[in-house]
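Given next are the chains, with one letter for each unit.
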Amino acid sequence: MDIPVFILAGLLVHFVFLVSIFDIYFSSPLVHGMTPQQTPLPPPAKRLVLFVADGLRADSLYELDGNNTSHAPYLRAILENNGSWGISHTRVPTESRPGHVALIAGFYEDVSAVAKGWKENPVEFDSVFNESKYTWSWGSPDILPMFAKGATGDHVYTFCYTAESEDFGAQDASKLDTWVFDHVKSFFNSSRSNQTLFSALNEEKVVLFMHLLGIDTNGHAHRPNSREYKENIRKVDEGVKEIASMLESFYGNDGKTAFILTSDHGMTDWGSHGAGHPSETLTPLIVWGAGVNYPQQVTSQFFEDNVLKEWKLENLKRLDVNQADIAPLMASLIGVPFPLNSVGTLPLEYLNNSAHFKAESMFTNAVQVLEQFKVKMNQKKATTLSFLFTPFKPLSDSEQINFLKKTRLYIQQQKYDEAVSLCKTLINLALEGLSYYHTYDRLFLGLSIAMGFVGWTTYVILVIVKTHTNLTKTVQSSDKESAALLYGFTFVGMMITFFLLIQTSPWTYYIYCLLPVPVWYAVMRELHVIQNLAANLWSLPISQSLGFILISILGIEILVFSFFYRATLTVGLLVFAGWPVITQLWVQAKTTTLIWTVLCALLAVFPLMPVVGREPNIPLVIAAGLLTLLISGFSLASSCKSENKYRNNEDMKVHFYQMLSIALSTYVVSNTHNSLKNKQGLPVFNQIISWTTLVSSSVLPFLGPTFLFQRLFSILLSLMATYLLLSTGYEALFPLVLSGLMFVWIHMEQEALQHYGLSLKPKLAVFNFAYATDITQFRQLHLDDIRRSFFFVFFIVTAFFGTGNIASVNSFDPASVYCFLTVFSPFMMGGLLVLKVVIPFVLVSCAFEAVQVTTQLSSKSLFLIVLVISDIMALHFFFLVKDYGSWLEIGTSISHYVLVMSLTMFMMLMNGLAQLLTTKRLDLSRRTKHHAT
């Protein structure tokens, strides 16, 4: 197979493997075509007021301060005297959009929305706002428009402030909430002179929604334990009190207004959210007004979190709900149809109404969830052959009729408790059934992908053995055999296509099921290579072969484990530290070995540190900047002493400019931190320097010389200037230690090469990336090259997990980008955070490029081994993906798989980027290297 064809096939296969997980696990669970269900009895409230305090933690609202007073005295008085309270349990991802969808539409974020950056739902959905007669909403432009956009007709109105107002560096973010309260008041005042608006406000089934973003913004900027965060809670409390009083007065105390205050998600102590820590998933819920139960006194109640005593609420009944349960509660209070896609269960204990009303509401809830189940079942039935279709037995057609008849009979006989109990059972079964049909094809698709995976990995191993080793002899297969093979696989492909065609399967199923056919055809064509390889392996001593296989498995298992436990990387690095001793390399290179061992031990400390972002430590960032300056100054001094290191003054100027960038970055980090601490915002001068540094760091390496260590050092300095600006603590030291180890690794590989007698040791000091490497110099693969490739994959994984984990990457913490911008911009901030993750990757990739060139290996041969290692890891994670347990576990398992798959494609790009960074110079008179592949 030609190299371009092979690369294209590789990218295509990996793209299919990556996308498959979204089809198998991330396909939209939403269905359409259900009949709206509404409680037949008159509702207790004419209107509903929903306050969502974005980013408000349950403990922050309920706890008392040192003087035994609440941060929110009005809301505390409400839950003690007028309403019901509890904790709303959210799900991962704990972000604003998924949280609001669960609250207002009643379903947990359609995971396929990840493809749209959680900005909008790719599938239309129903919501309480859509079912209302009128909804007026005030707040953030990031949240309100999506509910207006999905609404049918023109009855959902939004009033938003500008996106620029969401500034994490602002003096006081609580002004966002003050804006909302002020605009609501002026809106109601203006309605007195606007008869149309006044009439609309006095209609039934009206929703007033206030999205309060100040608490979230202050939490990101100052942390949830800060004075600003707590002061913002106090301001929200005062605002809620004023709005409630104003509304009671406006409606003449008619007692027909229901109020709900809750939050979309919480926040960690270090000001981030997105993952599944209890501080992120536990949010407050206080409900009062029309149709809502009064506080219920209890003598004792037990909850696993044991916080009631601390909050001094142990004698008031706590009513916990799942976040999606709030949507049916709102629908029931104002008498609108339950949102069509809602999976919430109506929390009856919040309702202060007749037993008949509660039973009817619960029955409506059960029928609404059952409707979704029936649509999903019919969809699956229509696309499956009748003899292959396995129905969900607990809810067969007869069982459904039986449940509904029984419940209706109980209601008629006024056996309301029995009716409610039956409805809850029916809801749980319908939700199980929904999940059953949603995951109906999962095993079948999973096996197809696994077949393709194993086939592809086998094929890559055969390509390595055939083209880069001396283990096989070239054998011509007969035309008859080739033709029989081709016809055989064509027949299999046609059978699969026919089977999918008569089932009217989606077009993606054809790709997943047909992909293994050409892959295994390619493998079977290399049957002679497999036979030769098997013969060679049998000729080796069994202990040697088994030892090699065991070490390979152990190495890959360590890599897999490191995704779950970062400390595994520490163990791996300590083993690396002892590698020269085990292989006797230390005998010929004692000094290099000593430096290698020290740097491995130093790098091994990072995975043991807490995840980045929890505790900002600006002095450490400044120390890293000064250390970089010291090292670059020392490098400059030593290069001035030795002759001919720098060809001209231009190289000297580039080095000076890089040192200046480091110095400026260190100053900007320190100055910006102080400015934000004093609530003076982000200085414009600092912002200009930050963006200039970012742009220049991508150009400067190309201006320096292409001698091996000078070019690598130039790349480090350029990237380090940007990395410092994106650092908040100890991670600023990480690229320095990592690069130090990479420099020593290049030397160690030279020693290893000499140790195994594979080639003469080139002079690294004068080695120039830019000079073309003669293709005849490339050697065949040696067993030690597998170890070399494993080191690269291990260092890549260390570059990713050295200072964080999956949850820290998922958690949104904007503190790292404050030198660049403080106004909320998810894509800009996300892009900068991705850049921060990529920088250590680039450093490792450039070092690996140097290792390939100096050990006289073509980049293709080593890269193919890397591909095999990462594909075996990906297959591991494919089987570890799960759809049970907590949402954090499900999300993490999928993230692991996506990460390894992306890593494989990403390393192809990194390989190209590393070649570009190391070989090119912005000087047309120089020759550039064409790297062999």
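What comes next is a walk through the structure.

1. Quick word on the overall build of the protein
Secondary structure assignment for the protein yields 34 helices and 8 strands. Counting over 933 residues, the protein shows a buried share of 56%. Across the protein, the fraction of contacts at a sequence separation of at least 24, relative to all contacts at a separation of at least 6, is 79%. In the structure as shown, the protein presents an accessible area of about 39200 Å², 63% of it carried by carbon and sulfur atoms.

2. Focus on the packing of aromatic side chains
Applying the stated criterion across every chain, the model contains 57 aromatic pairs. Relative to tryptophan 596, the ring of tryptophan 579 lies with its centre 5.6 Å away and its plane at 65 degrees, an arrangement referred to as edge-to-face. Placement of tryptophan 579 in helix H23 (residues 567-582) and of tryptophan 596 in helix H24 (residues 590-605) is noted, with a sequence separation of 17 residues between them. Across this residue pair, the class does not change: tryptophan 579 and tryptophan 596 are buried. Linked through ring pairs, Tyr134, Trp136, Trp138, Tyr157, Phe159, Phe187, Phe188, Phe198, Phe250 and Tyr251 together constitute an aromatic cluster. In this structure, arginine 47 packs its charged tip against the face of tyrosine 251, placed 3.5 Å from the ring centre. Directly above the aromatic system of phenylalanine 791 lies the positively charged group of arginine 787, at a separation of 4.8 Å from the ring centroid.

3. Examining unusual backbone geometry
Even without glycine at this site, asparagine 68 takes up a positive phi of about 60 degrees. Structurally, asparagine 68 can be placed in the loop between helix H2 (58-62) and helix H3 (73-81). Despite not being glycine, glutamine 414 shows a phi value in the positive range, around 60 degrees.

4. Points about the sheet that holds strand S5 (residues 206-212)
In a beta sheet, neighbouring strands are held together by backbone hydrogen bonds and run either parallel or antiparallel to one another. Strand order in this open sheet of 8 strands is S4-S3-S5-S1-S6-S7-S2-S8, and the pairing throughout is mixed. One side of each edge strand has no neighbouring strand; the edge strands of this open sheet are strand S4 (156-160) and strand S8 (321-322). With 5 bridges connecting them, strand S6 (residues 257-262) and strand S7 (residues 282-289) associate as antiparallel partners. Across the sheet, residue leucine 261 finds its bridge partner in S7, namely isoleucine 286. Here helix H13 (residues 326-334) sits on the sheet in contact with strand S1 (47-53), strand S2 (84-89), S5, S6, S7 and S8, set at roughly 170 degrees to S6.

5. Focus on the nonpolar core
Of all hydrophobic cores here, the largest spans 117 residues; its most connected members are Trp596, Trp745, Phe795 and Met873. With 13 residues, the single largest contributor to this core is helix H33 (residues 859-880). For tryptophan 596, the contacting residues outside a window of four places in its chain are Phe576, Ala577, Trp579, Pro580, Leu741, Val744, Trp745, Met748, Phe791 and Phe795. Membership of the second largest hydrophobic core comes to 67 residues, among which are Ala45, Ala290, Phe357 and Met362.

6. Quick notes on empty space enclosed by the protein
The full count for this structure, using the stated rule, is 6 cavities of 30 Å³ or more. Here the second largest cavity is characterised by a volume of approximately 70 Å³. Contributions of two or more residues to the lining of the second largest cavity are made by helix H28 (708-725), helix H29 (734-755) and helix H32 (826-854). Of the residues that constitute the lining of the second largest cavity, the class distribution is 7 nonpolar, 1 polar and no charged.

7. A word on the layout of surface pockets
Considered as a void within the structure, the second largest pocket measures approximately 2100 Å³ in volume. Taken together, 50 residues line the second largest pocket, and the ones lying closest to its centre are Phe548, Ile549, Ser552, Leu783 and Ile786. When residues of the lining of the second largest pocket are traced back to their parent elements, those giving at least two are helix H17 (442-468), helix H21 (527-539), helix H22 (542-564), H23, helix H30 (784-801) and H33. For the lining of the second largest pocket, the per-class residue count stands at 33 nonpolar, 14 polar and 3 charged.

8. Description of the side chain of threonine 666
Looking at the element boundaries, threonine 666 is found in helix H26 (residues 649-677). Accessibility expressed as a relative area gives 8% for threonine 666, which makes it buried.

9. Topic: H28
Taking 1.5 Å as the rise per residue, H28 with 18 residues should run 26 Å; its terminal C-alpha atoms sit 27 Å apart, in good agreement. With 17 of 18 residues buried, H28 lies mostly within the body of the structure.

10. Here we look at a nonpolar patch on the surface
A cluster of nonpolar side chains, contributed by Phe387, Leu388, Phe444 and Phe499, occupies part of the molecular surface with about 400 Å² of accessible area. Turning to its location among the elements, phenylalanine 387 is positioned in the loop between helix H14 (355-382) and helix H15 (397-412). Overall, the relative accessible area of 68% leaves phenylalanine 387 in the exposed class.

11. Considerations on the environment of glutamate 203
If you trace the backbone, glutamate 203 turns up in the loop between helix H8 (195-201) and S5. The spatial distance from the C-alpha of glutamate 203 to the C-alpha of lysine 46 is 7.4 Å, given a sequence separation of 157 residues. Apart from residues no more than four positions distant in its own chain, glutamate 203 is found in contact with Lys46, Lys133 and Tyr134. Here the side chain of glutamate 203 touches lysine 133 through a polar contact of 3.4 Å, side chain to side chain.

12. What to know about the packing of H23 against H30
For the pair H23 and H30, interaxial distance at closest approach is 11 Å and the crossing angle is 140 degrees. Accordingly, the angle class assigned to the pair H23 and H30 is oblique. In the crossing of H23 with H30, the sense of the turn from one axis to the other is left-handed. Of the residues in H30, those touching H23 at Leu569, Gly572, Leu573, Phe576 and Trp579 are Arg787, Phe790, Phe791, Phe794, Phe795, Val797, Thr798 and Phe801.

Rules used throughout
Residues numbered from 1 in each chain as written. Predicted model: local features only at pLDDT ≥ 70, side-chain atom pairs only at ≥ 80, totals over all residues. Heavy atoms only, no water. Helix = DSSP H or I, 4+ residues; strand = E, 2+ residues; numbered from the N terminus. Buried < 20%, exposed > 50% of the residue type's maximum accessible area, 1.4 Å probe, protein only. Contact = heavy atoms within 4.5 Å. Areas by Shrake-Rupley, 256 points an atom, 1.4 Å probe, with all protein chains shown as cover. Phe/Tyr/Trp six-rings, centres within 6.5 Å; stacked < 30°, edge-to-face > 60°. Lys NZ or Arg CZ within 6 Å of the ring centre and 35° of its normal. Pairing = 2+ DSSP bridges. Axes fitted to C-alpha atoms, helices over the stretch in contact; angles between N-to-C directions. Core = buried A, V, L, I, M, F, W, Y, C linked by side-chain atoms within 4.5 Å. 1 Å grid on protein atoms, 1.4 Å probe; cavity = no way out; pocket = protein on both sides within 12 Å on 5 of 7 lines; lining within 4 Å. Points joined across faces, edges and corners; volume = space filled by probe spheres on them. Nonpolar A, V, L, I, M, F, W, Y, C, P; charged D, E, K, R; others polar. Expected span 1.5 Å × (residues − 1). Patch = residues over 30% accessible without salt bridge, like charges linked within 9 Å, V, L, I, M, F, W, Y side chains within 5 Å. Salt bridge = Lys/Arg side-chain N within 4 Å of Asp/Glu carboxyl O. Polar contact = N/O pair within 3.5 Å; in protein donor to acceptor, adjacent residues only side chain to side chain. Parallel < 35°, antiparallel > 145°, perpendicular 65-115°, else oblique. Left-handed = near helix turned anticlockwise from the far one by under 90°.

Nothing here speaks to function; it is all geometry.
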